Amino acid sequence: MRALLRLAATLPLTLPAVARTQPLERAAALAREGRTRAALEALGDEPSAAGRYLAARLYDRLQSWEAAADAYAAVLVAPDVGTVPEEVRARLPALGAMAAARAWRCDPAAAMLERLEADRGPFQQEARALLALCAVRTRSAHEAMASLERALAHGTGDVDAMDLELALATLQAQAGRTRSALERLRGLRASRPDHPRAQDVERLIAQLGGPAEPTVDERLDRAERWLAIRLAPRALEELERVAFAMGAASPTRRARFHHLRGRARIAARRDAQAAASDFATAARLGGPTAVEDAFWHARALERAGLDARAIAAYRRFARTHPGSARASDAIRRAALLEMQAGRPTALERWLREAPSGEDADVHEAAMRLGLHALDRGQAGRAIERFERARHAAPDGMSRARALYWSARAHLQGGARDAAIRALRAALEPDPLGWYALLARDWLSRLGAPFADAFAAPPVRDPEPPVPSLPLPAAVSWHARLGLLEEARADLERHAPLIRARLPPERADAELAAARLAIGDVHGAYRLAVRGHGARLARPPDAADGWVWAVAYPRPHEEHVRAAASAEGIDPELIWAVMRQESAYDPRAVSRAGARGLLQLMPATAQAIARVEGASVDDPDVLFEPARNIAWGARYLARQRARFGFPLALVAYNAGGHRLERWLGSWPGLPLDAFVERIPIDEPRNYVRRVTGHLARYLYLSGRPDEAFALLRAPR
């Protein structure tokens, strides 16, 4: 089996002997996948302390407070309670008291909550908030209102502040403070339209005789909230409800409306030209966002493909707002658009005035100018620009990019030896990256030998690190029960102590090993690439092997291999996409609403699932690794069948319709030149990075020849 499976075999991740029952093991597996209700159903009436504790945590997630309180109490009287780690056992009274208070069992919980609030420990805010809620039933209205106001002022921790707000509004109304209650409720209506108890807010407003519909300003506040939580379509719905009222609205209110509608249209990727009109109107009307609106007017025109108008808008912005932090960006963007139209003068001027040193914008401008010169046969000028791009390169891939295209310019100018030197240099910053693969191909065409540390498979499959220190008991306990969030939180609490016990050079490897041991592949990956990414530029050895294994893991191997087999694609391709899309985090959510390991949009998943008679009515099913991987692999395979590799990656990221449009705009371009022309940064970077990830996975799988052939041009 692969390295992660070998790791699992070395660690004591079985359940305690007294609790090793089939229902508990099944429930833990389901909990690990985030399937809370299914885990509870599988657990049944499991009598062990482990089973009762798992039930309590699962009921907590479902906010079934009475059942959670009973389950926490049952753990403490279980015959095998001694198998519960002391650190976990010490928290049980607090967890039980908080669940009891949430279930309105206030009297038995009060003493513990008062102690937690006085201790100023990790549960202080929750205890204060729950005591305030209990005060609604156990104290006078005046005392309860004071407690609720104090808790809201100091933070409520994990307790839902909406519960306190509604309780306070109800008491205010009962005390005859109807105006205060309505102000509070209308504030909640405006600021939290997404809350599950939003209907309770509406019901109380109606009972108190408040307005049945939100006002214009409340609708605008609600739209802002929808935008903040990345639900742009809901924001547009709110705004359309008050669009009719804008004719008679004040300039300030109209400016805010158009600002929000422009943002919502851009975020929802709907009608960029209409968004540009909104931003122009908002800028003209003035207000606190007028300068930002003027800039985004130009950006929206650019997104709409109206380049001439966008150039004019950018220039106007730079003239009108020379002191803005956006002014230089506006000049640069206008110059880039002009260069796309074959007019490089403005971008040349911008580059001359740009500072030296590493800078992504300078690198991109120099690269565009170099590619423009190369297209026109001006090899010498292109080489100068690529050299500037190399000096400004912010990372290894950018340096390799400048070197690769410098080699292409040397070849155009007939300087074969200089081209070979540049191609060899392009292998060094990112030896298995996009530009290194292209450089290898050219070196092979030229018959030029080169030193290649990656020519042979790794001496051995890099092993994931194994903890040298025992995992803290609470961490192991939670991991065994499938409670990853709790295990991760416990490990974070223990991380400083673990670091203190080890030399600094070993600490990250130890913590990465601990994260892998609890099933936190995402957290281990972040540790590896955050401080050790440079090690991936050389083949793995005894010292670097753990970085390679953690930076390029094979999580959910059973699901990935099954999906790859079903769709006729390499499992390594699925892992490469997974790395770029979610960094192996099954709970990842993008700004656009894509979910899970392979970042599927609910609509895309629904179209795929419909073929097999499944449904994605609840988008949270996309957090389940098995389904996400199966559906994502199917979508990826469709794009590969349609466009081939690596253009399938462009289609996966940006959509097949965009790729078809770009292919139609530049027919016959070689692959390297085509990718450079992709006008949107995200898909351009995506195809380059995922190809590099795939090359590394193939190399680790003992197939370097396949890795080097990924971008090989037909001879």
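Residues numbered from 1 in each chain as written. Predicted model: local features only at pLDDT ≥ 70, side-chain atom pairs only at ≥ 80, totals over all residues. Heavy atoms only, no water.

Section: the side chain of E238
- By the element assignment, E238 lies in helix α14 (residues 232-240).
- Ignoring any residue separated from it by four or fewer positions in sequence, one finds E238 in contact with R219, R222, A223 and W226. (Helix = DSSP H or I, 4+ residues; strand = E, 2+ residues; numbered from the N terminus. Contact = heavy atoms within 4.5 Å.)

Comments concerning helix α38 (residues 681-700)
- Look at α38: 29 Å from first C-alpha to last across 20 residues, which is about the 28 Å you get at 1.5 Å a residue.
- Across the 20 residues of α38, 16 count as buried, placing the element largely inside the fold. (Expected span 1.5 Å × (residues − 1). Buried < 20%, exposed > 50% of the residue type's maximum accessible area, 1.4 Å probe, protein only.)

A closer look at the packing of aromatic side chains
- Under the defined criterion, the tally for this structure stands at 15 aromatic pairs.
- Taken together, a centroid distance of 6.0 Å and an interplanar angle of 45° make the contact between Y404 and Y435 tilted. Note that Y404 is positioned in helix α23 (residues 396-412) and Y435 in helix α25 (residues 434-445), a separation of 31 residues in sequence. Y435 carries the same exposure label as Y404, and that label is buried.
- Taken together through their ring pairs, the aromatic side chains of F454, W548, Y552, W575, Y697 and Y699 make up a single cluster.
- Between the NZ or CZ atom of R234 and the centre of the ring of W226, over which it lies, the distance is 4.3 Å.
- Across the ring face of W442, the terminal group of R445 is positioned such that the distance to the ring centre comes to 4.2 Å. (Phe/Tyr/Trp six-rings, centres within 6.5 Å; stacked < 30°, edge-to-face > 60°. Lys NZ or Arg CZ within 6 Å of the ring centre and 35° of its normal.)

Some details on the state of the cysteines
- The final tally for this structure, using the stated rule, is one disulfide.
- Two residues, C106 and C134, share a disulfide whose sulfurs are 2.2 Å apart. Where C106 bonds to C134 through sulfur, the torsion about that S-S bond is close to -85°, and the disulfide is left-handed. Taken together, the residues C106 in helix α7 (residues 106-119) and C134 in helix α8 (residues 124-138) connect sequence positions 28 residues apart. For the pair shown, C106 and C134 are each scored as buried. (Disulfide = S-S within 2.5 Å.)

Regarding the pattern of salt bridges
- With the rule as written, the count across this model stands at 68 salt bridges.
- For E237, the salt bridge identified is with R234, shortest N-O distance 3.5 Å. You can see E237 and its partner R234 sitting in helix α14, three residues apart, about one turn around the helix.
- Judged by relative accessible area, which is 46%, E237 ranks as partly exposed.
- A relative accessible area of 39% places R234 in the partly exposed class.
- A salt bridge links R554 to D461, with the shortest nitrogen-to-oxygen separation between them at 3.9 Å. Here R554 is found in the loop between α30 (545-551) and α31 (557-567), whereas its partner D461 is found in the loop between α25 and α26 (473-480), with 93 residues between them in sequence. D461 shares its class with R554; the two are buried.
- Salt bridges here are not isolated pairs; linked through shared partners, they connect E364, R368, R401, E676, D681, R684 and R688. (Salt bridge = Lys/Arg side-chain N within 4 Å of Asp/Glu carboxyl O.)

Regarding the nonpolar core
- W405, I574, V577, M578, W631 and L649 are the most contacted members of the largest nonpolar core, which totals 128 residues.
- For this core, the element with the highest residue contribution is α38, accounting for nine residues.
- In contact with I574, other than residues within four places in its own chain, are V560, A563, A564, I569, L598, I629 and A633.
- Counting 58 residues, the second-largest nonpolar core is a separate cluster that includes A56, L130, A135 and A167. (Core = buried A, V, L, I, M, F, W, Y, C linked by side-chain atoms within 4.5 Å.)

Some words on the packing of helix α27 (residues 484-500) against helix α28 (residues 504-517)
- Contact pair α27 / α28: the axes reach a minimum separation of 11 Å and the direction vectors enclose 155°. As summarised for this structure, α27 and α28 are arranged roughly antiparallel, according to the angle between their axes. Remark: the crossing between α27 and α28 carries right-handed chirality. Contacts between α27 and α28 pair R488, L491, E492, A495, I498 and R499 from the former with A507, D508, E510, L511, A514 and R515 from the latter.
- The class makeup of the residues in the contact of α27 with α28 is six nonpolar, no polar and six charged. (Axes fitted to C-alpha atoms, helices over the stretch in contact; angles between N-to-C directions. Parallel < 35°, antiparallel > 145°, perpendicular 65-115°, else oblique. Left-handed = near helix turned anticlockwise from the far one by under 90°. Nonpolar A, V, L, I, M, F, W, Y, C, P; charged D, E, K, R; others polar.)

Section: helix α17 (residues 290-303)
- Between its first and last C-alpha atoms α17 spans 20 Å; for 14 residues at 1.5 Å apiece the expected length is 20 Å, and the two agree.
- Counted residue by residue, α17 has ten buried out of 14 residues, so it is predominantly covered.
- For α17, every residue scored as buried is listed here: A290, D293, A294, F295, W296, H297, A298, R299, A300 and L301.
- Contact partners of the buried residues in α17: α15 (251-267), α16 (272-285), α18 (307-320) and α19 (327-340).
- Phi turns positive one or two residues past the end of α17, at G305, with a value near 80°.

A short note on the environment of W104
- Tracing the backbone shows W104 in the loop between α6 (86-102) and α7.
- For the pair W104 and R269, spaced 165 residues apart in the sequence, the C-alpha separation amounts to 46 Å.
- Ignoring any residue separated from it by four or fewer positions in sequence, one finds W104 in contact with L133, C134 and R137.

Focus: the confidence of the model for the protein
- Averaged over every residue, the pLDDT of the protein is 92; residues scoring 70 or more account for 97%.
- Looking across the protein, the model is least confident in helix α1 (residues 3-10), with a mean pLDDT of 39, and most confident in helix α32 (residues 571-582), with 98.
- The low-confidence segment residues 1-20, where pLDDT is below 50, has 42 contacts with residues more than four positions distant or belonging to other chains. (pLDDT = per-residue confidence, 0-100.)

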